Amino acid sequence: MINIPKSLMVFASILLMASCQKKDTTPADLSKVTVTFASPLAGQVVHVNDTVQVSAEVSYNAEIIGVGIQIIDTATSDVVFAEDHDLHTDHYSIDESWVNTLTDSTVLCAKVTVFVANSDERTERLTYFTAKP
Amino acid sequence: MRSLLIAIFIIAGSGYYAQACDLCGCSASSQYMGILPQFHKHFIGIQYQYTGFTADQPSLMDPAGHERAYSFNNTMQVWGRYHVSDRLQLFGFIPYHTNNGDDAGSAFKVKGIGDVSALLNAVIIKDRNDTDFTTWHQALLAGGGIKASTGKYTGITTLDEEGLPNVQAGTGSWDFIVNANYTVRHDGVGLNADAAYTITTAGKAGYKYGNRLNSGLMAFYWLRKNNFSLLPQAGIRYEYSLHDYDNYSRKWLNEGSGGTILFGTVGLQAYYKRYGAKVMYSIPVAQHYADNDVTVKPRLETSLFFLF
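Description of the structure in this document. All values derive from a computational prediction rather than experimental measurement.

### Observations concerning the packing of aromatic side chains
Residue and element names in this part refer to chain B.
Here comes step 1: Evaluated as defined, the whole model comprises 12 aromatic pairs over all chains.
Here comes step 2: Between W79 and F305, the ring centres sit 5.9 Å apart and the planes meet at 50 degrees, which makes this aromatic pair tilted. One end of the pair, W79, is in strand β4 (residues 66-85); the other, F305, is in strand β19 (residues 299-307), and 226 residues separate them in sequence. For the pair W79 and F305, one class covers both residues: buried.

Laid out in C-alpha cells, this is it:
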C-alpha cells in the first residue's frame, strides 16, 4: 500500500531540491576585458560611400552580458551608427558595417562598450579614424 | 449507456509541461492533459494549441529606449493513452510547432517536430464502483516521464539571450517530469487538482531552461443524456518557472528569465460514443515574467479524441 503523505513529502522534497539555483558570483573586474580591433585601424581614412567594417574581438574571464558598438562624429558628437547585442558568453566577435555618408572631413570614433555580469559599470574601448570627402 | 456511466469517473490526466515555447514559452507556454475520459482504456487524439507573448525590453545602450519582440506559437500534437494495466497508464506526445514572430524588426519563422515526451502514471487511488452518482468518489494518479531532445534546436538564440521564451521547435535537452493528479466528485460535480514539475537539463550549447511547475485547480460538472456527455469546467492554472542558465557548467544564471503566471481557464468537453472533443481558453489574470519585460497572451487549446 502506498503511503500517500510520505509520497507527497518525497514529491515536495524533489521540488525543493530542484528549485535551488546556484549563480556565478565572480566579482566583476572590468580591467580584464579585452577588445582587439581588426577594423577600422587607427588613423584609417574612409571616403564618402565607403563601407566601414567594424570588426573586433571581445573577451573576458567571466560572463559578458552585452556589447554596444557606436561610430561617433567627434566634431558634432553625433552617433552615426549604433548597434547593441545582449550576450551571455566570455568572448564575442564584433562584425558590423556602416556606409559613410558624411560629406565633410571629420574624425570618427569607433566605440565598443562592454557590459559584464555582476556589475552595473561598463567599460569602453575606442579607436579613431578619419572621414574625408 | 453503461459506457457513459462508467465515464463518470473522469480522471484528470496528469498536468504536464512542455517547454517548446516555454513559459513558455514558453514562455511561458505550457501544456497539460486536463480531464480525460475513462470509459475506454486507450485513446488517440490530435490537439491544437495557440500561445503567444510580446516583449518590451529596455535597450542595452540606452535605457530610455526599448526593444520589442513578439511570437505566436502554434502546436499540432498527436497524443494518446495506453493502459499498460489497471494500475498503469502510459501517455505519449508528438508535437509539431509553427512559430512566427519578430525580434526588434527581424521577422522569424520556425517550424518542425518538437520534443517527444512520454509519461507513465500509476493509479494510486480509484474507487471500484465509480458509477454511483450519489456518493463521493476520488482518484489519484502520480508518476513521471521524460521529454526527449528530438526537436530541432540550433543553439542559443538572441531571444534566449534576452530572456525570452524559447521559440525553437526543440529545446536541445532531455528533461524529466514528475506529476500528481487528484480528482474528487459527487453527483456530477467535481474538482480536479494537478501539479507537474519539469526538471530540465543543460543542452549541448550549455543552455539550461529553468525548471518549471505547472499546476491547476479546475471545477467541472458532468451533464449526461443518452450517448452524449458534456463537461463544462472552469478554474485556475498557476505556472512557475525558474531562471534559465545561459551556461550551466559555469553557473551563468539569466536573471531576466523565468517568472510566474496565473491563468483563469474555462473549457468544455463533449463526448459521443467513442468520440470526444475539447476546447479550453485561458486568460492571464496575473503574471510576472522576465522582469515584467514579457507579457504572455491568452491561450487556446482544442482537441479531438478517438477512444478504444
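And the narrative resumes.
### Some points on the environment of B:M218
Residues and elements named next belong to chain B.
Here comes step 1: Inspection of the secondary structure assignment puts M218 in strand β11 (residues 212-221).
Here comes step 2: The buried category is assigned to M218, whose relative accessible area is 3%.
Here comes step 3: Along the chain, M218 and I35 lie 183 residues apart, while their C-alpha atoms are 9.0 Å from each other.
Here comes step 4: Discounting residues that sit within four places of it in the chain, M218 has contacts with G190, L191, N192, Q233, A234, G235, I236, T265 and M280.

### Concerning the interface of chain A and chain B
Here comes step 1: Residue-level contacts link 28 residues of chain A with 26 residues of chain B.
Here comes step 2: Approximately 2500 Å² of surface area, both sides summed, lies buried where chain A meets chain B, with 61% of it carried by carbon and sulfur atoms.
Here comes step 3: Here B:E255 and A:K23 are joined by a salt bridge, their closest N and O atoms 2.8 Å apart.
Here comes step 4: For the pair chain A and chain B, the interface holds 8 residue pairs in polar contact (both at pLDDT 80 or more).
Here comes step 5: Residue assignment for the side of chain A that touches chain B shows that the elements contributing at least two residues are α1 (4-18), β3 (51-73), β4 (79-99) and β5 (106-116) of chain A.
Here comes step 6: Across the side of chain A that touches chain B, the residue classes tally to 10 nonpolar, 10 polar and 8 charged.

### A word on the pattern of salt bridges
Residues and elements named next belong to chain B.
Here comes step 1: On inspection of all chains with the given rule, the structure shows 10 salt bridges over all chains.
Here comes step 2: Across the salt bridge formed by E301 and K278, the nearest N and O atoms sit 3.1 Å from each other. Here K278 lies in strand β17 (residues 275-289) and E301 lies in strand β19, a separation of 23 residues in the sequence.
Here comes step 3: Residue classification places K278 among the buried residues on the basis of a relative accessible area of 4%.
Here comes step 4: A network of salt bridges, in which partner residues are shared, links D115, K147 and D175.

Conventions adopted
Residues numbered from 1 in each chain as written. Chains lettered and ligands numbered in written order. Predicted model: local features only at pLDDT ≥ 70, side-chain atom pairs only at ≥ 80, totals over all residues. Heavy atoms only, no water. Phe/Tyr/Trp six-rings, centres within 6.5 Å; stacked < 30°, edge-to-face > 60°. Helix = DSSP H or I, 4+ residues; strand = E, 2+ residues; numbered from the N terminus. Buried < 20%, exposed > 50% of the residue type's maximum accessible area, 1.4 Å probe, protein only. Contact = heavy atoms within 4.5 Å. Buried area = accessible area lost by both parts, 1.4 Å probe. Salt bridge = Lys/Arg side-chain N within 4 Å of Asp/Glu carboxyl O. Polar contact = N/O pair within 3.5 Å; in protein donor to acceptor, adjacent residues only side chain to side chain. Nonpolar A, V, L, I, M, F, W, Y, C, P; charged D, E, K, R; others polar.

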